[in-house]
Amino acid sequence: MNDITMNDLIGLLPYAPIIAVVITVLTVMIAITFKRSHMVTGTITVAGLNIGLFTLIGQMIGVIESGSIAPNAEQLFVIDNFAQFNMVVIFICALACCTLSYAYLANLKDNKEELYLLMLLSTIGALLMVSAQHMASFFMSLEMLSVPLYGLLAYTYMRNQSLESGLKYLVLSATASATLLMGMAFIYAEVGSLAFKPISMVLGNIFESPLLILGAAMMMFGIAFKLSAAPFHMWTPDVYEGAPAPIATFLASVSKVAMMALAVRFLIDTALLALPSVQMLLMVMATLSILVGNLLAVRQTSLKRLLGYSSIAHMGYVMIVIVSIGSAADSISSMYMAVYAFTSIGAFGVVTLMSSPYRLSGEADELTHYQGLFWRRPLLTAVMTIMMLSLAGIPLTAGFITKLFAILAAVQGTNWFLAAMIILGSAIGLFYYLRVLLTLFKRPKQFIEFDVSGQWGIRTGGIMVIAVTAIILFFGILPNSMIEWASLARIW
């Protein structure tokens, strides 16, 4: 066995933030074996994620050594600016979900500690996904994200809806993974390489190969499922509705950011976007996602289902960016997904705060549970109002800036039909987002089923939700810093 050299250790420096999370997982496991303590486990988890986040930021600004190894096309993973940008977003989202989980699980009579273990493992998968540049690392990191999610979704198993949510995601995710794997096999059989960039080098010689087109289509189907893009969206509203509120937050933020980043890197690095069949597939899925997501959201009375259908529409908007400007889509898609993830944390965070402590009877899911919220919780109403306006793309919120960039991308690519679809989808979306806002300001109900604690704003979950709201407002009013930061998120 060869000894580890200094060069080997230097080669691991770019992966220091991910290694910090791996060490956190081991520390949490050891802590649980000594004594089960919700507070200790939660504290170690948050501390580990903070160490990983600050290490990453330190590397980005040059304060901490990040190694000087040049990227290699044959490596399984690469830590470039694109990966670092998305890793920062994932760290922030994971921290938000952990802090929201702490209050949510406070009165759960069963073991609470394993939830943090599963969430950390899933976060490691997400961090690896945004830096994967090889079919093998693509699949392994994706499964590392997905498998812990099965347990997370069904964690509150005393509620039938939670069990149903985990089971549906398990069955459908397994089908999508099998389709994805088969697509990889077809591409490898034709191209002879599993690394992304070498595929682009030989693509010109086999441009019209039926096997390549079939493989690319099957991989797009698998990716579309993980992004909950239509027509592979059927699981989304049911899973969101049944999932524990902090896990629905995790699914809507960390999972979506990681999958979109991996899809963008895969499509750009392999140059599969040059295939007319892939372009047509993306256009069809984007159009269907916008129409299906927005039209079905109009009918919902469940806030979690409404946000689930809303996520389908937003994935359609990002797909339009990808198909319109191709290799230049990395920074705009990253910015869009970052803002969408933060907005989802704010919206689902309100649901989580209203639903805690944990109840067998269910969560604060129905719109009627929020009727007249303004008259007793004005600050919480302000948070939800800003989140809904951002999702709708109203000016002075970060959501307006990202949606504007999506329209500009479609115009730049001369895809006038897709630009019109974004405008049409936004118009339909405005209806159901405003319906949520009207509910908040209605006359309060006589009997209040769910409410937050009196000091929600000074607790960790409440502070996180308020902080995310401030970010959405700040980037909406002064977007230059967000645009400059996102412009650095380029694939090497």
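Residues numbered from 1 in each chain as written. Predicted model: local features only at pLDDT ≥ 70, side-chain atom pairs only at ≥ 80, totals over all residues. Heavy atoms only, no water.

1. Points about the overall build of the protein
Part 1 of the argument: When helices and strands are tallied, the protein shows 19 helices and zero strands.
Part 2 of the argument: By principal-axis analysis of the C-alpha atoms, the protein measures approximately 70 × 60 × 45 Å.
Part 3 of the argument: Counting across all 492 residues of the protein, residues that qualify as buried make up 60%.
Part 4 of the argument: Within the protein, residue pairs in contact and separated by at least 24 positions form 81% of the contacts whose partners lie at least 6 positions apart.
Part 5 of the argument: A total of about 18700 Å² of accessible surface is found on the protein, and carbon and sulfur atoms cover 70% of it.
Part 6 of the argument: On the protein, the mean spot of the 23 positive side-chain charges and the mean spot of the 22 negative ones are 15 Å from each other. (Helix = DSSP H or I, 4+ residues; strand = E, 2+ residues; numbered from the N terminus. Buried < 20%, exposed > 50% of the residue type's maximum accessible area, 1.4 Å probe, protein only. Contact = heavy atoms within 4.5 Å. Areas by Shrake-Rupley, 256 points an atom, 1.4 Å probe, with all protein chains shown as cover. Lys, Arg positive; Asp, Glu negative; His and termini not counted. Charge placed at Lys NZ, Arg CZ, Asp CG, Glu CD.)

2. Examining the pattern of salt bridges
Part 1 of the argument: In the structure shown here, the tally under the stated rule is nine salt bridges.
Part 2 of the argument: For Lys197, the salt bridge goes to Asp269, with nearest N and O atoms at 3.3 Å. With Lys197 in helix H8 (residues 196-202) and Asp269 in helix H11 (residues 245-270), the pair connects residues that are 72 residues apart, well separated along the chain.
Part 3 of the argument: The class for Lys197 is buried, based on a relative accessible area of 17%.
Part 4 of the argument: Through salt bridges with shared partners, a single network forms among Glu164, Lys168, Asp238, Glu241 and Arg305. (Salt bridge = Lys/Arg side-chain N within 4 Å of Asp/Glu carboxyl O.)

3. Some words on the environment of Leu391
Part 1 of the argument: Considering the arrangement of structural elements, one finds Leu391 in helix H15 (residues 378-392).
Part 2 of the argument: When its relative accessible area of 4% is taken as the criterion, Leu391 is described as buried.
Part 3 of the argument: In this structure, the C-alpha to C-alpha distance between Leu391 and Tyr370, residues 21 residues apart in sequence, is 18 Å.
Part 4 of the argument: Non-local contacts of Leu391, meaning those with residues more than four positions away in its chain, are made with Leu307, Ser310, His314, Tyr340, Thr343, Lys403 and Tyr433.

4. Re the packing of aromatic side chains
Part 1 of the argument: The full count for this structure, using the stated rule, is 14 aromatic pairs.
Part 2 of the argument: Three or more aromatic residues joined by ring pairs form one cluster here, namely Tyr150, Tyr169, Phe225 and Trp235. (Phe/Tyr/Trp six-rings, centres within 6.5 Å; stacked < 30°, edge-to-face > 60°.)

5. Quick word on a nonpolar patch on the surface
Part 1 of the argument: On the surface, Phe54, Ile57, Met60, Ile61, Val63 and Ile64 cluster together to form a nonpolar patch covering roughly 560 Å² of accessible area.
Part 2 of the argument: With a relative accessible area of 32%, Ile57 lands in the partly exposed category. (Patch = residues over 30% accessible without salt bridge, like charges linked within 9 Å, V, L, I, M, F, W, Y side chains within 5 Å.)

6. Digging into the side chain of Ser426
Part 1 of the argument: Among the structural elements, Ser426 can be located in helix H17 (residues 416-440).
Part 2 of the argument: The contact partners of Ser426, leaving out residues within four places of it in the chain, are Tyr317 and Lys403.

7. Digging into the state of the cysteines
Part 1 of the argument: Per the counting criterion, the structure on display carries zero disulfides.
Part 2 of the argument: Free of any disulfide, Cys93 has its nearest neighbouring cysteine sulfur in Cys97, separated by 6.6 Å.
Part 3 of the argument: Classification of Cys97 by relative accessible area gives buried; the value is 0%. (Disulfide = S-S within 2.5 Å.)

8. Re the environment of Lys226
Part 1 of the argument: Tracing the sequence through the fold places Lys226 in helix H9 (residues 210-227).
Part 2 of the argument: Taking relative accessible area as the criterion, Lys226 reaches 5% and is therefore assigned buried.
Part 3 of the argument: Considered as a pair, Lys226 and Tyr157 are 69 residues apart in the sequence and their alpha carbons are 23 Å apart.
Part 4 of the argument: Those residues in contact with Lys226, other than ones at most four positions away along the chain, are Leu142, Ser146, Tyr169, Ser173, Ser177, Trp235, Lys256 and Met259.
Part 5 of the argument: A polar contact of 2.4 Å, which involves the side chain of Lys226, links it to the side chain of Ser173. (Polar contact = N/O pair within 3.5 Å; in protein donor to acceptor, adjacent residues only side chain to side chain.)

9. Concerning the nonpolar core
Part 1 of the argument: If you look at the biggest cluster of nonpolar residues, it comprises 165 residues, and the most contacted ones within it are Phe138, Phe266 and Leu282.
Part 2 of the argument: Considering each element in turn, this core owes the most residues, 18 residues, to H11.
Part 3 of the argument: When sequence neighbours within four positions are dropped, the list of residues in contact with Leu282 reads Met220, Leu267, Leu273, Met319, Ile322 and Val323. (Core = buried A, V, L, I, M, F, W, Y, C linked by side-chain atoms within 4.5 Å.)

10. Considerations on helix H18 (residues 460-477)
Part 1 of the argument: With 18 residues, H18 should reach 26 Å at 1.5 Å per residue; the first-to-last C-alpha distance of 26 Å fits that figure.
Part 2 of the argument: If you check which residues of H18 are buried, you get Gly461, Gly462, Met464, Val465, Val468, Thr469, Ile472, Phe475 and Gly476. For H18, the angular spread of buried residues about the axis comes to 170 degrees, placing them on one side.
Part 3 of the argument: As for H18, its buried residues are in contact with helix H4 (81-104), helix H14 (329-355), H15, helix H16 (398-412) and helix H19 (480-487). (Expected span 1.5 Å × (residues − 1). Arc of directions from axis to C-beta.)

11. Focus: H4
Because each turn of an α-helix spans 3.6 residues, side chains separated by three or four positions end up pointing in the same direction.
Part 1 of the argument: Taking 1.5 Å of rise per residue, the 24 residues of H4 would be expected to cover 34 Å, and the 35 Å separating its terminal C-alpha atoms lies within 8% of that figure.
Part 2 of the argument: Burial runs high along H4: 20 of the 24 residues are buried.

12. Some words on unusual backbone geometry
A negative phi angle characterises most non-glycine residues, just as the trans form characterises most peptide bonds.
Part 1 of the argument: Here the amide bond leading from Ala230 into Pro231 is cis, since omega sits at 5 degrees, within 30 degrees of zero.
Part 2 of the argument: Unlike most non-glycine residues, Ala271 shows phi in positive territory, near 65 degrees.
Part 3 of the argument: Considering the arrangement of structural elements, one finds Ala271 in the loop between H11 and helix H12 (276-297).
Part 4 of the argument: We classify Ala271 as partly exposed; its relative accessible area is 25%.

13. Here we look at the packing of helix H6 (residues 135-153) against H9
Helix-helix packing is described using two parameters, namely the angle between the two axes and the distance between the axes.
Part 1 of the argument: Contact pair H6 / H9: the axes reach a minimum separation of 13 Å and the direction vectors enclose 25 degrees. Between H6 and H9, the crossing angle belongs to the class labelled roughly parallel. Of the two elements, H6 crosses H9, and the hand of that crossing is left-handed. In this structure, H6 contributes Met135, Phe138, Leu142 and Ser146 to the contact, and H9 contributes Met219, Ile223 and Lys226.
Part 2 of the argument: Among the residues making up the contact of H6 with H9, the classes are represented as five nonpolar, one polar and one charged. (Axes fitted to C-alpha atoms, helices over the stretch in contact; angles between N-to-C directions. Parallel < 35°, antiparallel > 145°, perpendicular 65-115°, else oblique. Left-handed = near helix turned anticlockwise from the far one by under 90°. Nonpolar A, V, L, I, M, F, W, Y, C, P; charged D, E, K, R; others polar.)

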